[in-house]
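Here are the chains, one letter per residue:
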Amino acid sequence: MKKVLFDVAALIARVVTGVIFLAHGWQKWQGGLSAASEGFREMGIPMPVMAAGFSTVVETVGGVFLILGLLVRPVALLLLINMIGAIVFVHGSHGVLSANNGWELPGALGALCLLFLALGGGRIGLDAIFASVFRRRGERRVAEEELAAHAPSRDDAGMTAGTAAGTAAGTAAGTAAGTAAGRTATGTAQGGRTGGPMTPAERDVSADRPEVPRQPAAPDTTRSPDTTRSTGSTGSTGSGRFNDDDMREIDALVSDEPPQHHKPPNR
């Protein structure tokens, strides 16, 4: 609430002060620079031409800027210098009242300019609008810089993606290898399939199994010569079948255990 009251009061004071300065400057402008210079020379102001030009421009342009609220502090400084010069060289020796050409009016205007120089022209004016726009742009720029500083670079993003892809591929390969190894172990423990179609993993396991040469069966000494002759007459022993020792050797090769040979009983 206090800021709102200050802004309204500053607006009123700024507009009134600007109108007064604009009226005095416009009066000098209409009379001409030569007439203003001659009047300053008669009042004893040094460098009357330069002083008349400075006073005319500052009061006219400065009054407009005060009304608009544009560059309030620099304009207030220039107008304060102008009023100090008027009090020192013209009005100071004539007392206070303006009826006697005293410093009443330039003193009041100078005091208002001093306030504008110290406090500004309030938030109702072009200065406040431009300051708000520049502040928002600055905040946006700072936010963009912070976002760019914390955002990952392209190399980091590529490394992250590559690591993720490699991890996924390694996991998939490990899972597939574990599954194949499990199936192989299961097939080995069972000692082979008993029937049915074989899977690709079982085909690989079957292909990796070593081929065991077939060996002729040892002669059975317990049989009688007649039985041996009858067996020999029908065909050679073990021509298409394995005896118990051969099966034990095959099982030992598959399960990586040394074969256990059983000696035939002594006669």
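Before reading further, recall that the structure is shown in the block above.
Throughout what follows, the structure given in this document is the object of discussion.

1. Topic: the overall build of the protein chain
So, step 1. For the protein chain, the count of helices and strands is ten helices and zero strands.
So, step 2. Order of helices (α) and strands (β) in the protein chain, N terminus to C terminus: α-α-α-α-α-α-α-α-α-α.
So, step 3. Counting the 267 residues in the protein chain, one finds 19% classified as buried.
So, step 4. Counting only contacts in the protein chain whose residues sit at least 6 apart along the sequence, the fraction spanning at least 24 positions is 62%.
So, step 5. Split by element, the accessible area of the protein chain, about 18900 Å² in all, is 64% carbon and sulfur.

2. With respect to the side chain of Thr 60
So, step 1. Along the chain, the position of Thr 60 falls in helix α3 (residues 48-68).
So, step 2. A relative accessible area of 13% places Thr 60 in the buried class.
So, step 3. What Thr 60 contacts, discounting residues up to four positions off in sequence, is Phe 21, Leu 22, Gly 25 and Trp 26.

3. As for the nonpolar core
So, step 1. In terms of nonpolar packing, the biggest core is built from twelve residues, these being Phe 21, Val 58, Leu 66, Val 72, Val 75, Ala 76, Leu 79, Leu 80, Met 83, Leu 109, Cys 113 and Phe 116.
So, step 2. When residues of this core are assigned to their parent elements, the largest contribution, six residues, is made by helix α4 (residues 72-91).
So, step 3. When sequence neighbours within four positions are dropped, the list of residues in contact with Val 75 reads Gly 62, Phe 65, Leu 66 and Leu 70.
So, step 4. Membership of the second largest hydrophobic core comes to six residues, among which are Ala 36, Phe 40, Ala 51 and Val 90.

4. Re the pattern of salt bridges
So, step 1. Inspection of every chain in the model, using the stated rule, returns three salt bridges.
So, step 2. Measuring nitrogen to oxygen at the nearest pair gives 2.5 Å for the salt bridge that ties Asp 7 to Arg 123. With Asp 7 in helix α1 (residues 2-31) and Arg 123 in the loop between α5 (104-119) and α6 (126-150), the pair connects residues that are 116 residues apart, well separated along the chain.

5. With respect to α4
So, step 1. Among all positions of α4, only Val 72, Val 75, Ala 76, Leu 79, Leu 80, Asn 82, Met 83, Ala 86, Val 90 and His 91 are buried. Seen end-on, α4 carries its buried residues on one side only, within an arc spanning 165°.
So, step 2. In the core, the buried residues of α4 are packed alongside α1, α3, α5 and α6.

6. Concerning unusual backbone geometry
So, step 1. Although it is not a glycine, Met 47 adopts a positive phi angle of roughly 50°.
So, step 2. On the basis of relative accessibility, which here comes to 57%, the residue Met 47 falls in the exposed class.

7. Observations concerning the packing of α1 against α3
So, step 1. In contact at an axis separation of 7 Å, α1 and α3 are set at 150° when each is read in the N-to-C sense. In terms of orientation, α1 lies roughly antiparallel with respect to α3. The two elements α1 and α3 cross, and the hand of that crossing is left-handed. Contacts from Arg 14, Val 15, Thr 17, Gly 18, Val 19, Phe 21, Leu 22, His 24, Gly 25, Trp 26, Lys 28 and Trp 29 in α1 reach Ser 55, Thr 56, Glu 59, Thr 60, Gly 63, Val 64, Leu 66, Ile 67 and Leu 68 in α3.

What counts and how
Residues numbered from 1 in each chain as written. Predicted model: local features only at pLDDT ≥ 70, side-chain atom pairs only at ≥ 80, totals over all residues. Heavy atoms only, no water. Helix = DSSP H or I, 4+ residues; strand = E, 2+ residues; numbered from the N terminus. Buried < 20%, exposed > 50% of the residue type's maximum accessible area, 1.4 Å probe, protein only. Contact = heavy atoms within 4.5 Å. Areas by Shrake-Rupley, 256 points an atom, 1.4 Å probe, with all protein chains shown as cover. Core = buried A, V, L, I, M, F, W, Y, C linked by side-chain atoms within 4.5 Å. Salt bridge = Lys/Arg side-chain N within 4 Å of Asp/Glu carboxyl O. Arc of directions from axis to C-beta. Axes fitted to C-alpha atoms, helices over the stretch in contact; angles between N-to-C directions. Parallel < 35°, antiparallel > 145°, perpendicular 65-115°, else oblique. Left-handed = near helix turned anticlockwise from the far one by under 90°.

Nothing here speaks to function; it is all geometry.
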